[in-house]
Amino acid sequence: MKPQDLYILNQPEKYRDMLLHIIAVIEQTLPDVVLEFKWKIPFFYLNNKPFCFLNVSHKGKYVDVAFNKGFQLKNNLEFLNGDKRNTYKSLRYFSLETIDNTVLISVIQEAIKLY
């Protein structure tokens, strides 16, 4: 089994469900993305370049979908978290029910234009 799959499957159910949902949305929106395992987390690559990563914070009790060129994003700023980062901005989810597919897809579509 691939390390990115193990990362996802070894998460508690709450986080695993969120990760699987987010992955499905990303892969449906961007059929050409490739899910790798870099820096001990699942990392999506687009055109062989880092696009976004998924990170579970057990301490903060959320899942981050962090976009590599996040600080270049102009839309949906009220949903994006910069959290002391220089280049990344992320969508942060605390439960499966808080995932707004419309916002997630909108951010993905805007981020694609940066590649």
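Let me begin by describing the structure that accompanies this report. This structure is a prediction, so every number in the text was calculated from the model and none was measured.

1. Quick look at the packing of aromatic side chains
Using the criterion set out here, one finds 8 aromatic pairs in the structure. With centroids separated by 5.8 Å and ring planes inclined at 90°, the aromatic side chains of Phe51 and Phe67 adopt a geometry described as edge-to-face. With Phe51 in strand β3 (residues 49–57) and Phe67 in strand β4 (residues 62–67), this pair connects stretches of sequence that are 16 residues apart. For the pair shown, Phe51 and Phe67 are each scored as buried. On the numbers, 5.1 Å between centres and 75° between planes, the contact of Phe53 with Tyr88 is edge-to-face. Remark: Tyr88 occurs in the loop between β5 (80–81) and β6 (89–93) and Phe53 occurs in strand β3; sequence separation between them is 35 residues. A residue is classified by how much of its surface remains accessible, and Tyr88, at 24% relative accessible area, is partly exposed. Three or more aromatic residues joined by ring pairs make a cluster, and in this case those are Trp39, Phe43, Tyr45, Phe53 and Tyr88. Lying across the ring of Tyr115, Lys69 places its NZ or CZ 4.4 Å from the centre. Positioned above the aromatic ring of Tyr62, the side-chain terminus of Arg92 is 3.9 Å from the ring centre.

Rules used in this analysis
Residues numbered from 1 in each chain as written. Predicted model: local features only at pLDDT ≥ 70, side-chain atom pairs only at ≥ 80, totals over all residues. Heavy atoms only, no water. Phe/Tyr/Trp six-rings, centres within 6.5 Å; stacked < 30°, edge-to-face > 60°. Helix = DSSP H or I, 4+ residues; strand = E, 2+ residues; numbered from the N terminus. Buried < 20%, exposed > 50% of the residue type's maximum accessible area, 1.4 Å probe, protein only. Lys NZ or Arg CZ within 6 Å of the ring centre and 35° of its normal.

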